[in-house]
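# Close look at the chain arrangement
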Amino acid sequence: MKSLKNKIVILLILISLVSSCAIFTKLDKVQKEKLLLEHLNSWKSFRIEGIIEVNYKSFAFRKNIILQKNNNIIRIDIFSSGITGLKPTPFFSAYFDSVLVLRLPDQSESTKIKDIELKNISIFFNELQGFYSQKDKIIENQSLISRDYEVYFSYEMEIEKISLQKEKIKINLEYDNDFSLISIEQDKKEVVNIQIDKITRNNIEIKPLK
């Protein structure tokens, strides 16, 4: 009886392996190039709604977040109450075009910050499409490495991890058809976690922060 059970288990494992091979077919270079281009284009414009958790030193909170991007414009809004409420209360807002504009908690007026190093933001949000010019290197190594950053891609050519060398920051991304989770680590400790509930990509209009 035990021998029969073992044979059944082995048979089920073999069937599972054969099924997996049939489902997860090997992608050729042309297919990977197409997937890479589609993924990089998906970073051009989006509106993400979800929950953000921040744990940094003595600073911690869990709140609703809206993250928007349209070409070179980025806006982040964090709310003290649900974004589906009648009057959600803004907790923190940031808007970046040519300068960075911030509205901090308990401040009614915004603050403009001109003299700030935003090179890494520019690389990963405004110049991602430029990565396609290095598609051969990305497809071969599933990564793109420079002096300032490392970007790692999945087999399906989705960005899985971004490592910023100088800041010792790692950005991890998970997918379920589209972005599902973004986490940020500093010094090997998670400090930000964004659980994504909804993504919109069409007709994204971003209002400036005044």
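Below is a short write-up of the structure. (Residues numbered from 1 in each chain as written. Predicted model: local features only at pLDDT ≥ 70, side-chain atom pairs only at ≥ 80, totals over all residues. Heavy atoms only, no water.)

### Comments concerning helix H2 (residues 29–41)
The terminal C-alpha atoms of H2 lie 18 Å apart, and with 13 residues this matches the ideal 18 Å at 1.5 Å per residue to within 8%. Within H2, burial applies to Lys32, Glu33, Leu36, His39 and Leu40. Down the axis of H2, the smallest arc covering the buried residues is 130°, so these residues share one side. Exposed and oriented more than 90 degrees from the buried face of H2 are Val30 and Lys34. At its buried positions, H2 is contacted by helix H4 (135–141), strand E8 (149–153), strand E9 (159–164), strand E10 (169–176) and strand E11 (178–186). Two or three places before Val30, at the start of H2, stands the capping residue Asp28, its side-chain oxygen 3.2 Å from that residue's backbone nitrogen. (Helix = DSSP H or I, 4+ residues; strand = E, 2+ residues; numbered from the N terminus. Expected span 1.5 Å × (residues − 1). Buried < 20%, exposed > 50% of the residue type's maximum accessible area, 1.4 Å probe, protein only. Arc of directions from axis to C-beta. Contact = heavy atoms within 4.5 Å. Polar contact = N/O pair within 3.5 Å; in protein donor to acceptor, adjacent residues only side chain to side chain.)

### Overview of the sheet that holds strand E7 (residues 143–145)
Strand order in the open sheet formed by 12 strands is E6-E5-E4-E3-E2-E1-E12-E11-E10-E9-E8-E7, with antiparallel pairing between adjacent strands. Taken across any chain shown, the strands that pair with only one partner, and hence form the sheet edges, are strand E6 (111–113) and E7. Taken pair by pair, the neighbouring strands of this sheet meet at an average axis angle of 15°, ignoring direction. Summarising the sheet, strand E5 (residues 100–103) and E6 pair through three bridges and their orientation is antiparallel. Of the residues in E6, the one forming a bridge with Leu100 is Ile113. (Pairing = 2+ DSSP bridges. Axes fitted to C-alpha atoms, helices over the stretch in contact; angles between N-to-C directions.)

### Thoughts on the pairing of strand E3 (residues 73–79)
Of all seven residues making up E3, six are buried, and the element is well covered by its neighbours. Note that strand E2 (residues 59–70) and E3 share seven bridges and pair antiparallel. The residue bridging Ile66 from the neighbouring strand is Asp77, located in E3. Between E2 and the antiparallel strand that follows it, E3, lie two residues; Asn71 among them carries a positive phi value of about 55°. As defined by bridge partners, E3 adjoins strand E4 (residues 90–96) across six bridges and the pair is classed as antiparallel.

### A word on the pattern of salt bridges
The final tally for this structure, using the stated rule, is five salt bridges. Its salt-bridge partner being Lys29, residue Asp136 comes within 3.0 Å of it at the nearest N-O pair. Separated by 107 residues along the polypeptide, Asp136 in helix H4 and Lys29 in helix H2 bring together distant segments of the chain. With relative accessibility at 42%, the residue Asp136 sits in the partly exposed group. (Salt bridge = Lys/Arg side-chain N within 4 Å of Asp/Glu carboxyl O.)

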